[in-house]
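Observations on the three-dimensional arrangement
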There are 2 protein chains.
Amino acid sequence: MDIDMIEISKALSNETRLNILLWLKDPEGNFPPQGGCLNEPVDLKGGVCVSSIQAKANLSPSTVSNYLDTLQRAGLLLSERHGKWTYYRRNEETIKALAEFVKEAL
Amino acid sequence: MDIDMIEISKALSNETRLNILLWLKDPEGNFPPQGGCLNEPVDLKGGVCVSSIQAKANLSPSTVSNYLDTLQRAGLLLSERHGKWTYYRRNEETIKALAEFVKEAL
DNA sequence: TTTACATATTGACAATTCTCGAAATGTGTG
DNA sequence: CACACATTTCGAGAATTGTCAATATGTAAA
């Protein structure tokens with residue numbers, strides 16, 4: 001596991017993006033229940049759809065979509081599509097590797 | 001000790017600034033001996049003067065001075081003036097607090 | 001005090017990021 | 001198929017950042 005510290009720092013240097021990452025630590029506490037409208041029960045793995053995040057962030061859909069992409073390209077989020085929705089969740093592996101890097105190498 | 005995660009992330013989102021922070025982990029290994037020209041022996045505490053950092057970064061003095069200021073305002077560096085020189089060194093307290101934040105709160 | 005040097009500040013322009021609305025794409029439903 | 005809806009992509013203008021040369025400031029030496 002190796003991380004791109006520059007891309008991660010860029011991703012975290014915006015308050016909304018930082019908040020999204022923090023909100024996703026507690027999806028149940030921060031967002032309405034996800035996937036209730038799906039017929040088939042699928043494992044969303046704590047993922048939250050773009051529109052829920054957009055409502056909380058209070059920015060335009062395109063901006064939020066862009067932010068989520070930035071976080072994903074930095075390796076901090078993972079996404080999975082189910083039907084019409086894309087569910088984003090934290091990539092704990094990268095976040096752990098980041099913590100390790102900051103503690104040991106920075 | 002509380003840190004400004006946004007300002008810290010901005011400071012670290014530039015390769016040269018990140019490198020400066022890393023270089024300063026090992027001043028003796030990365031820079032020429034400091035303070036040799038001073039008459040009075042002063043404790044530089046591992047600090048390195050701007051021109052040494054500038055030479056290694058290979059950017060203009062004003063850019064490097066600006067970068068060092070950015071790192072200092074984020075709390076990642078400390079500076080101390082001795083004669084004509086300003087010596088910059090890591091602020092380990094903030095860096096430790098950052099590591100703690102990333103590990104526990106991010 | 002004149003000079004030389006280390007650093008900081010200013011002003012400018014290029015490059016990047018922020019953010020939106022509009023348009024495009026993907027997907028389920030009538 | 002036609003429509004509605006979730007999301008992404010595109011295009012654009014505003015705001016911020018990167019970077020330099022020129023200038024200013026502070027300090028030591030001659």
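Description of the structure in this document. Quick caveat, the model's predicted, so the values are computed rather than measured. (Residues numbered from 1 in each chain as written. Chains lettered and ligands numbered in written order. Predicted model: local features only at pLDDT ≥ 70, side-chain atom pairs only at ≥ 80, totals over all residues. Heavy atoms only, no water.)

So, unusual backbone geometry
All names here are of chain A. Even without a glycine there, the phi angle at N58 is positive, about 60 degrees. Tracing the backbone shows N58 in the loop between α4 (50-57) and α5 (61-73). Using a relative accessible area of 66% as the deciding quantity, one classes N58 as exposed. (Helix = DSSP H or I, 4+ residues; strand = E, 2+ residues; numbered from the N terminus. Buried < 20%, exposed > 50% of the residue type's maximum accessible area, 1.4 Å probe, protein only.)

Re the pattern of salt bridges
A complete count under the given rule lists 10 salt bridges over all chains for this structure. Note that E80 of chain B is salt-bridged to R89 of chain B, the shortest N-O span being 3.0 Å. (Salt bridge = Lys/Arg side-chain N within 4 Å of Asp/Glu carboxyl O.)

Some remarks on the interface of chain A and chain B
The interface is formed by 21 residues belonging to chain A together with 21 residues belonging to chain B. A combined buried area of about 1700 Å² lies between chain A and chain B, and 76% of that area is made up of carbon and sulfur atoms. Looking only at chain A, the three residues that lose the most surface to chain B are I6, S13 and L106 of chain A, adding up to 33% of its buried area. If you look at where chain A meets chain B, you find 0 salt bridges. Taken together, the links from chain A to chain B amount to 6 residue pairs in polar contact (both at pLDDT 80 or more). Going through the elements one at a time, α1 (5-12), α2 (15-23) and α6 (92-104) of chain A are the ones with two or more residues in the side of chain A that touches chain B. The leading source of residues in the side of chain A that touches chain B is α6 of chain A, at 6 residues. (Contact = heavy atoms within 4.5 Å. Buried area = accessible area lost by both parts, 1.4 Å probe. Polar contact = N/O pair within 3.5 Å; in protein donor to acceptor, adjacent residues only side chain to side chain.)

Observations concerning the protein's contact with DNA strand D
Around DNA strand D sit 21 residues, and of these S51, S65 and Y88 of chain A together with T63 and Y67 of chain B come closest. The sugar-phosphate share of atoms of DNA strand D within 4 Å of the protein amounts to 73%. With respect to DNA strand D, the backbone of S60 of chain B contributes an N or O atom lying 3.0 Å from a phosphate oxygen. Elements supplying a minimum of two residues to the surface near DNA strand D: α4, α5 and β3 (85-90) of chain A together with α5 (61-73) of chain B. Of the residues forming the surface near DNA strand D, the biggest block, 4 residues, is contributed by α5 of chain B. A breakdown of the residues in the surface near DNA strand D according to their chemical character gives 7 nonpolar, 10 polar and 4 charged. (Near = heavy atom within 4 Å. Nonpolar A, V, L, I, M, F, W, Y, C, P; charged D, E, K, R; others polar.)

Remarks on the environment of D69 of chain B
Residues and elements named next belong to chain B. Tracing the chain through its elements places D69 in helix α5. In this structure D69 comes out as partly exposed when scored by relative accessible area, which is 32%. Put simply, D69 and Y88 are 19 residues apart on the chain and 9.8 Å apart in space, counted from C-alpha to C-alpha.

By themselves, these are just geometric observations and shouldn't be taken as functional.
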